[in-house]
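Take a look at the letters that make up each chain.
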Amino acid sequence: MLVPLAKLSCRAYQCFHALKIKKNYLPLRATRWSSTSAVPRITTHYTIYPRDKDKRWEGVSMERFAEEADVVIVGAGPAGLSAAVRLKQLAADHGKDIRVCLVEKAAQIGAHTLSGACLDPCAFEELFPDWKEKGAPLNTPVTEDRFGILTEKYRIPVPILPGLPMNNHGNYIVRLGHLVSWMGEQAEALGVEVYPGYAAAEVLFHEDGSVKGIATNDVGIQKDGAPKTTFERGLELHAKVTIFAEGCHGHLAKQLYKKFDLRASCQPQTYGIGLKELWIIDEKKWKPGRVDHTVGWPLDKHTYGGSFLYHLNEGEPLVALGFVVGLDYKNPYLSPFREFQRWKHHPSIQPTLEGGKRIAYGARALNEGGLQSIPKLTFPGGLLIGCSPGFMNVPKIKGTHTAMKSGALAAESIFNQLTNENLQSKTIGSDSDQLQAAKDCTPIEYPKPDGQISFDLLSSVALSGTNHEHDQPAHLTLKDDSIPVNRNLSIYDGPEQRFCPAGVYEFVPLEQGDGFRLQINAQNCVHCKTCDIKDPSQNINWVVPEGGGGPAYNGM
């Protein structure tokens, strides 16, 4: 059955006109997914449906308590903690009293941190020259460096010569979540006020437009957007300088890019999604200190990506393995998660894992744009550091040391301004465009997971420890609830159900009539931000859930 274009919505008509469909009929694929019934409401978040227009919020007090600090830092990752530590070190060295407050959306410091990670220790050693005496968890110096190109059945070794960016001599394999947790302890010992479980939900501005600080998220809101009897407003934190260290594709940084036009003089940022597992393997196959990287299979020549396999020395035969896929891929049928599972069956990888046990899983977006994609870092009242603006050294495949260094340098600049005593509170081609229409691409047939080396998605998400309060508005918000079906599903066959590494997005049949609707399983979200980056309609806006929700990574 063919449906005349005249019966389609204006939005759907514009989509097909843009695709140069000149006939007055809709193709069979789009007809199958389309529905003439009303679009069910998916998004209930107040950022889409303002509370001042919702009668259920009449009479609810919206007053917030405010605190004053010298510096507020958003995000307790390597960059944010480095800035906090360096500020307090400088304050102690110069006999100054500076109040530094750091908020982190994870329930525990390090619980949302995920990286490979092979650490270049240069910036860390500058910050903590006595780290060995203090017991920092750098337990695995790199002892062997390997690189290879994979074909479907073979591995072609590539030598890593001294001086090449990927030479890891002098580096350490670390569980970055554990290192970040240790850095949090050092920060608190220096007097930094660290607040885990408090998600920064809003940027606050002075009347002159400069950044005033942040507000943490409100709590006690029902899933349908109505207030609970336990509703409480978030806390306002005002500062002379606010540092945004949210990590890759921070949701507050996105607002700042637009407000202050910070990307006017740089190239668009590009991204990848990194998926990671931890395994306990047979001790006979364990090579502590070995670093192994590959490119090639199972990705085709048009898709950027690669893998890592690191052997840690943590008192047990532990390996960290992962797979990165550039989010500029074109085929909407590609699933980064399933490419990762398929990679583990390569003849050069599978023997290491056979007889072992997978103990953890997680995923996170990462920057890949490089130097030319770094935006303007400063704006009135604040600045960006770390992976938020994109301090990733792509040739080295490392960003932790640059994130730390950016935080330390920011702290030194801020300290100089603060101690001058003249700083008032008022001063201081995207990846989503790359997908092709589903009709122009070939579906990818992925092998069924065997439950030994490769696994299904939901059992993987279970290992991430992800948990959210169920009765709260979904933090994966849609600017227009009709777009997932009318555009993403009809044109791209619903790529969100494949690029999400946690099964958050599902297209399910309508309860009445023909067609489908998008179901958002927000409780599964591992906070990777991939959906906000890769959505071809740029209709998804990731905002923070209630503080403490999300993954509970243990040294990922």
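Provided above is the structure to which this section pertains.
These numbers were taken from a predicted model, which means no experiment stands behind them.

Rules used throughout
Residues numbered from 1 in each chain as written. Predicted model: local features only at pLDDT ≥ 70, side-chain atom pairs only at ≥ 80, totals over all residues. Heavy atoms only, no water. Helix = DSSP H or I, 4+ residues; strand = E, 2+ residues; numbered from the N terminus. Expected span 1.5 Å × (residues − 1). Buried < 20%, exposed > 50% of the residue type's maximum accessible area, 1.4 Å probe, protein only. Contact = heavy atoms within 4.5 Å. Pairing = 2+ DSSP bridges. Axes fitted to C-alpha atoms, helices over the stretch in contact; angles between N-to-C directions. 1 Å grid on protein atoms, 1.4 Å probe; cavity = no way out; pocket = protein on both sides within 12 Å on 5 of 7 lines; lining within 4 Å. Points joined across faces, edges and corners; volume = space filled by probe spheres on them. Nonpolar A, V, L, I, M, F, W, Y, C, P; charged D, E, K, R; others polar. Phe/Tyr/Trp six-rings, centres within 6.5 Å; stacked < 30°, edge-to-face > 60°. Lys NZ or Arg CZ within 6 Å of the ring centre and 35° of its normal. Left-handed = near helix turned anticlockwise from the far one by under 90°. Core = buried A, V, L, I, M, F, W, Y, C linked by side-chain atoms within 4.5 Å. Polar contact = N/O pair within 3.5 Å; in protein donor to acceptor, adjacent residues only side chain to side chain. Right-handed = clockwise from strand over helix to strand, strands pointing away. Salt bridge = Lys/Arg side-chain N within 4 Å of Asp/Glu carboxyl O.

Peer 1: Describe in detail helix α3 (residues 78-93), supporting the description with residues and values.
Peer 2: Its 16 residues give α3 an end-to-end C-alpha distance of 22 Å, which sits within 8% of 22 Å, the value for a rise of 1.5 Å per residue. When you tally the buried positions in α3, you get 14 out of 16 residues, the bulk of the element.

Peer 1: An account of the environment of E152 is requested, with residue identities and associated values reported.
Peer 2: Relative to the assigned elements, E152 resides in the loop between β5 (144-150) and β6 (155-157). Placed 97 residues apart in sequence, E152 and K55 show a C-alpha to C-alpha distance of 60 Å. The residues contacting E152, other than those within four sequence positions of it, are W297, H346 and P347.

Peer 1: Describe the sheet that holds strand β3 (residues 118-119), listing the residues and the values that go with them.
Peer 2: Two pairing modes exist for strands in a sheet, parallel and antiparallel, and in both the strands are linked by backbone hydrogen bonds. Strand order in the open sheet formed by three strands is β3-β7-β4, and the pairing between neighbours is antiparallel. Edge positions in the sheet fall to β3 and β4 (140-141), since each has one partner strand and no second. Of the pairings in the sheet, the one linking β3 to strand β7 (residues 172-173) comprises two bridges and is antiparallel in character. Residue pairing in the sheet places L119 in a bridge with Y172 of β7.

Peer 1: Could you give me a rundown of unusual backbone geometry, with the residues and numbers involved?
Peer 2: Across the junction of G116 and A117, the peptide omega takes the value -5°, indicating a cis bond. Residue placement: A117 occurs in the loop between β2 (100-104) and β3. The amide bond that connects W297 to the next residue, P298, takes the cis arrangement and shows omega of 10°. Tracing the backbone shows P298 in the loop between β15 (290-296) and β16 (305-313). One non-glycine residue, D261, lies in the positive phi region at around 50°. Checked against the element boundaries, D261 lands in the loop between α7 (251-260) and β14 (271-280). The backbone of Q538 shows a phi angle near 50°, a positive value even though the residue is not glycine.

Peer 1: Lay out the sheet that holds β16 in plain terms, naming residues and giving numbers.
Peer 2: If you trace the seven strands from one edge of the open sheet to the other, you get β6-β5-β15-β16-β17-β14-β18, paired in mixed fashion. Two strands close off the open sheet at either side, each with one partner strand: β6 and β18 (357-367). Neighbour-to-neighbour, the strand axes of the sheet open up by a mean angle of 20°, direction not taken into account. By the bridge criterion, nine bridges tie β16 to strand β17 (residues 317-326) in an arrangement that is antiparallel. Bridged to G305 within β17 is V325. Sheet strands touched by helix α8 (residues 336-343): β5, β14, β15, β16, β17 and β18. Its angle to β17, the strand with the most contacts, is close to 135°.

Peer 1: If you had to explain empty space enclosed by the protein to someone new, which residues and values would you point to?
Peer 2: A water-sized probe rolled over the atoms picks out the places where empty space is left. Of the volumes computed, that of the largest cavity is approximately 90 Å³. Surrounding the largest cavity, K223, H468, E469, H470, Q472, P473, A474, H475, I520, A522 and Q523 form its lining. The class makeup of the residues in the lining of the largest cavity is four nonpolar, five polar and two charged. If you go around the second largest cavity, you meet 13 residues; those closest to its centre are C500, V504, C525, C528 and C531.

Peer 1: Would you mind going over the packing of aromatic side chains in detail, with residue names and values included?
Peer 2: Scanning the model with the defined rule gives 15 aromatic pairs in all. Aromatic pair F124 and F128: ring centres 5.2 Å apart, planes at 50°, arrangement tilted. Exposure class is identical for F124 and F128. Each is buried. Three or more aromatic residues joined by ring pairs make a cluster, and in this case those are F124, F128, W131, Y172 and W182. A cation sits over an aromatic face here: K259 above F205, 4.6 Å from the ring centre. Note that K529 overlies the ring of W542, its terminal NZ or CZ placed 4.5 Å from the centroid.

Peer 1: Explain the packing of α3 against helix α10 (residues 400-419) to me, using residue names and the numbers behind them.
Peer 2: Where α3 meets α10, the closest approach of the two axes is 7 Å, and the angle between their N-to-C directions is 35°. Judged by the sense of rotation from one axis to the other, the crossing of α3 with α10 is right-handed. In this structure, α3 contributes P78, A79, S82, A83, R86, L87, L90 and A91 to the contact, and α10 contributes T400, A403, M404, S406, G407, A408, A411, E412, I414 and F415. Class assignment of the residues belonging to the contact of α3 with α10 gives a composition of twelve nonpolar, four polar and two charged.

Peer 1: Give me the lowdown on the nonpolar core, citing residues and values where you can.
Peer 2: W279, L321, L476, V504, Y505 and I520 are the most contacted members of the largest nonpolar core, which totals 73 residues. Among the elements that take part in this core, β17 stands out by supplying six residues, more than any other. Contact partners of I520, with chain neighbours within four places excluded, come to I42, A474, L476, L478, V504 and Y505. Counting 46 residues, the second largest nonpolar core, distinct from the first, contains A84, A123, V180 and F415.

Peer 1: Describe the side chain of S82, with residues and values.
Peer 2: Structurally, S82 can be placed in helix α3. Among the residues examined, S82 registers a relative accessible area of 0% and is labelled buried. From its side chain, S82 meets the backbone oxygen of P78 in a polar contact 2.6 Å long. Those residues within four positions of S82 in sequence are excluded, and the remaining contacts are L127, M183, M404, G407 and A408.

Peer 1: Before we move on, could you go through the side chain of T530 and cite the residues and values that matter?
Peer 2: Tracing the sequence through the fold places T530 in helix α14 (residues 530-534). The residues touching T530, leaving out its near neighbours within four places in the chain, are I273, L327, A365 and F499.

Peer 1: Which residues make up the pairing of β2, and what values do they have?
Peer 2: With respect to burial, β2 is a largely interior element, five of its five residues being buried. Both faces of β2 are covered, namely the face carrying V100, L102 and E104 and the face carrying C101 and V103. As defined by bridge partners, strand β1 (residues 66-74) adjoins β2 across four bridges and the pair is classed as parallel. Note that in β2 the partner of V72 across the bridge is C101. Taken together, β1, α3 and β2 form a β-α-β motif whose crossover is right-handed. Alignment of β2 against strand β8 (residues 193-196), held across four bridges, turns out to be parallel.

Peer 1: Quick rundown of the pattern of salt bridges? Include the residues and the values.
Peer 2: One side chain can pair with another of opposite charge once the charged atoms of both are near each other. Following the criterion strictly, the structure yields 24 salt bridges and no others. Between K405 and E126 there is a salt bridge, with the nearest N and O atoms lying 2.7 Å from each other. Here K405, found in helix α10, pairs with E126, found in helix α4 (residues 122-127); they are 279 residues apart in sequence, far enough to count as distant. With a relative accessible area of 32%, K405 lands in the partly exposed category. On the basis of relative accessibility, which here comes to 53%, the residue E126 falls in the exposed class. With a shortest N-O distance of 3.1 Å, E277 and R358 are connected by a salt bridge. In this pair, E277 is assigned in strand β14 and R358 in strand β18, connecting sequence segments 81 residues apart. By relative accessible area, R358 is classed as buried at 9%.

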